[in-house]
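An overview of the molecular structure
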Amino acid sequence: MTGPVKPKERGPIVWYAVLALVVIAGVVAVVATRGSDDAKPVAGQTAAVTVAKDGADALPTFESAQDDPAVGTTIPTVSGTTLSGGKLTIGPDDGKAKVIIFAAHWCPHCQREIPLLAEHLKDSPMPDDVELLTVSTGVEASRGNYPPSAWLEDVGWTAPTLADSSKSLAASTFGLSSYPYFVVVDAEGKVVFRITGEISVDQFDQLVAAAQSGKSPI
Amino acid sequence: MDTPTVTLFLALLAVAAQAIVVGAVLLFVVGRLSPAARSLGSRVAAEVGPQALGLAAGVAAVCTAGSLYLSEVAHFLPCRLCWYQRAAMYPLVLVLGASAVARFHRIRPFAAAVALVGGAVSCFHILVERYPNLETSSCDPNNPCSIIWVEKFGYLTIPTMALSGFALILVLLAVARPSEPTTTAQEAP
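Let me begin by describing the structure that accompanies this report. (Residues numbered from 1 in each chain as written. Chains lettered and ligands numbered in written order. Predicted model: local features only at pLDDT ≥ 70, side-chain atom pairs only at ≥ 80, totals over all residues. Heavy atoms only, no water.)

**Quick notes on the overall build of chain B**
Definition in use: Secondary structure elements are taken from DSSP: a helix is a run of H or I of four residues or more, a strand is a run of E of two residues or more, and numbering for both begins at the N terminus. Exposure is judged per residue with a 1.4 Å probe applied to protein chains only, and the accessible area is read against the type maximum: over 50% gives exposed, under 20% gives buried, and values in between give partly exposed. In what follows, a contact means two residues having at least one pair of non-hydrogen atoms within 4.5 Å. Residue burial considers only the protein chains on display, and all accessible areas are found by Shrake-Rupley using a 1.4 Å probe.
A tally of regular secondary structure across chain B gives 6 helices and 1 strand. When each of the 189 residues of chain B is scored for burial, the buried share is 46%. Put simply, 77% of the contacts in chain B that link residues at least 6 apart link residues at least 24 apart. Element-wise, carbon and sulfur atoms account for 70% of the exposed surface of chain B, whose accessible area totals about 9,300 Å².

In structure tokens:
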């Protein structure tokens, strides 16, 4: 005759195995990251930015290249420090046409765009009458591909690059709504065209031509 | 423990989860052809099966704790797709935990459906990380889904870890079964 039914007790072995796995992973993680300095802020990646009070107003936030209300308006004047420690002013009064690129180190689109343009500029440098300027903005040490100075150096980016403030003042003053962001300015300091998102090298060449001619590419 | 340590810890657990999932799938597939593999698979399933609901709840709990650590302690802002995955993972802790305690094995298909949806979102999120133009050609300054907060071993990002969790939960649900009854012989009166 058979007696009362009892469940098999297999649990502890499985749970001990899981516990051992978790402990091993924990020990490996602690040992492997001892002395790690990941995500610690690096000096000079953000810096104070000044907006000239007697300069033009901030540009409206970019929404669309079609019927952009910023076109024809004078760009504001922002001053600050470059990633290499020099001084840089971006404004309308230097008499130079310019293409200004706003990029964030963690943005995957910027991570594709900047090396693409860096490679292109090796073969097709900027014309003498158009200046290429960059603003490194949206900087956060906890996000990937940090610090931006190392990233830009790695990809061979040589254009002067303004370090935006920790609150991205330069970007907001120029009406940034997403990265990467391009502002095309003619020699009189007026906005010719604005666009956001990844562009091809041919489109970039059109932006340069637009800065030279003062005529929108669309 | 600081953020790099915790993220590496979570990544190692994800690798372990992937190894278990791959091993289970291999056992299942090879078991169709080889009696030895089938026998091994049966033994493993018999060993793990009665504990599988509890283990699945544990996996969901670790994923939930990891996700909360990354957002609340490491301050990695969860994006829209992260929230969808959270919506699938978080309830599994309670649902599977309660079912394990109550030995309510009929929860399996419903929990599996939730895990499948979560895993599908993880797959899409991984694609968006690798091919950001799938969603848009520019980055939202606040919190785009394409941002890669963590990347360990060259491929393990946060949604990859989530997918590993969902996959392991699915495997555990597949092998979950009530404890096999055993009889205890008694001497005849």
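Now, onward.
**Quick notes on the overall build of chain A**
For the record, the criterion: Think of it this way: Lys and Arg go in the positive column, Asp and Glu in the negative one, and His and the chain ends go nowhere. Taken as the charge location is NZ of Lys, CZ of Arg, CG of Asp or CD of Glu.
Summing up its helical and strand segments, chain A has 5 helices and 9 strands in all. Per-residue burial over chain A gives 46% buried out of 218 residues. Sequence separation of at least 24 residues holds for 73% of the intrachain contacts in chain A that already meet a minimum separation of 6. Surface exposure of chain A reaches about 10,600 Å², of which carbon and sulfur atoms provide 55%. Of the side chains in chain A, 16 bear a positive and 25 a negative charge, and the two mean positions are spaced by 15 Å.

**Thoughts on the layout of surface pockets**
Quick note on the threshold: Both cavities and pockets are sets of points on a 1 Å grid over the protein atoms alone; in a cavity a 1.4 Å probe fits but cannot get out, in a pocket the set is open with protein on both sides within 12 Å along at least five of seven lines, and lining residues sit with an atom within 4 Å of a point. Grid points are joined across faces, edges and corners, and a volume is the space filled by probe spheres set on the points.
Empty space within the second largest pocket amounts to approximately 590 Å³. Along the wall of the second largest pocket there are 30 residues; nearest its centre are Arg-143, Gly-144 and Asn-145 of chain A together with Ile-148 and Trp-149 of chain B. When contributions to the lining of the second largest pocket are tallied by element, the ones reaching two or more residues are helix H2 (108–123) of chain A together with helix H1 (3–31) and helix H5 (108–130) of chain B.

**Focus on the sheet that holds strand E4 (residues 87–90) of chain A**
Rules: By definition, two strands form a pair when at least two bridges between them are found by DSSP.
In spatial order, the strands read E2-E3-E4 (chain A); together these 3 strands make up an open sheet with antiparallel pairing. Here the strands that pair on one side only, and so sit at the sheet edges, are strand E2 (50–51) and E4 of chain A.

**What to know about the nonpolar core**
Note the threshold: Nonpolar core, defined: a set of buried Ala, Val, Leu, Ile, Met, Phe, Trp, Tyr and Cys residues in which side-chain atoms within 4.5 Å join the residues together.
In terms of nonpolar packing, the biggest core is built from 73 residues, with Ile-90, Ile-101, Phe-102, Leu-132, Trp-157, Phe-174 and Phe-204 of chain A touching the most fellow members. No other element matches H1 of chain B, which puts 7 residues into this core. Apart from residues no more than four positions distant in its own chain, Leu-132 of chain A is found in contact with Val-99, Ile-101, Leu-121, Met-126, Trp-157, Ala-159, Pro-160 and Phe-204 of chain A. Ranked by size, the runner-up nonpolar core spans 27 residues in total, among them Ala-17, Val-48, Ala-60 and Leu-92 of chain B.

**As for the side chain of Ser-164 of chain B**
Residues and elements named next belong to chain B. Heads up, the condition is: By the criterion applied in these results, polar contacts are pairs of N or O atoms within 3.5 Å in which, for protein atoms, one can donate a hydrogen and the other can accept it, and in which residues neighboring in sequence qualify only through two side-chain atoms.
Structurally, Ser-164 can be placed in helix H6 (residues 158–175). Note on Ser-164: relative accessible area 4%, which makes it buried. Reaching out from Ser-164, the side chain makes a polar contact with the side chain of Gln-18 at a distance of 2.8 Å. Ignoring any residue separated from it by four or fewer positions in sequence, one finds Ser-164 in contact with Ala-14, Ala-17 and Gln-18.

**Description of empty space enclosed by the protein**
Residue and element names in this part refer to chain B. Our working rule: For this classification, the nonpolar set comprises Ala, Val, Leu, Ile, Met, Phe, Trp, Tyr, Cys and Pro, the charged set comprises Asp, Glu, Lys and Arg, and every other residue, Gly included, is treated as polar.
Summed over all chains, the structure comprises 2 cavities of 30 Å³ or more. What the largest cavity holds in volume is close to 50 Å³. In terms of lining residues, the largest cavity is bounded by Cys-79, Cys-82, His-125, Glu-129, Pro-144, Cys-145, Ile-147, Trp-149, Ile-158 and Pro-159. Of all the elements in the fold, those that place two or more residues in the lining of the largest cavity are H5 and H6. Among the residues forming the lining of the largest cavity, the class breakdown is 8 nonpolar, 1 polar and 1 charged.

**A closer look at the state of the cysteines**
Operational definition: Disulfides are defined as pairs of cysteine sulfur atoms found within 2.5 Å of each other.
In this structure the tally under the stated criterion is 1 disulfide over all chains. The side chain of Cys-107 of chain A participates in a disulfide bridge whose partner is Cys-139 of chain B; the two sulfur atoms lie 2.3 Å from each other. Taking the sign of the S-S torsion, about 90° here, the bridge from Cys-107 of chain A to Cys-139 of chain B comes out right-handed. Here Cys-107 of chain A is found in the loop between strand E5 (97–103) and H2, whereas its partner Cys-139 of chain B is found in the loop between H5 and H6 on a different chain. The pair Cys-107 of chain A / Cys-139 of chain B is uniform in exposure class, with both members buried. Of all cysteine sulfurs in the structure, the one in Cys-82 of chain B sits closest to Cys-63 of chain B, which takes part in no disulfide; the separation is 13 Å. There is no disulfide at Cys-82 of chain B, and the cysteine sulfur nearest it, in Cys-79 of chain B, is 3.5 Å away.

**Concerning the sheet that holds strand E8 (residues 181–185) of chain A**
Residue and element names in this part refer to chain A. Worth spelling out the cut-off: Structural elements are reduced to axes, namely lines fitted to C-alpha atoms, with helices fitted over the stretch in contact, and the angle between N-to-C directions of any two is expressed from 0 to 180 degrees.
With respect to topology, 5 strands assemble into an open sheet ordered E7-E6-E5-E8-E9, the strand pairing being mixed. Since the sheet does not close on itself, it has two edges, and those belong to strand E7 (161–163) and strand E9 (191–196), each with one partner. With strand direction ignored, the average angle separating the axes of adjacent strands in the sheet is 20°. Alignment of strand E6 (residues 130–136) against E7, held across 3 bridges, turns out to be parallel. Residue pairing across strands places Val-135 opposite Leu-162, the latter belonging to E7.

**Looking at the environment of Val-201 of chain A**
All names here are of chain A. Structurally, Val-201 is set in helix H5 (residues 201–213). As a C-alpha pair, Val-201 and Leu-116 span 85 residues in sequence and 7.4 Å in three-dimensional space. Filtering out sequence-adjacent residues up to four positions away, Val-201 remains in contact with Leu-116, Leu-117 and His-120.

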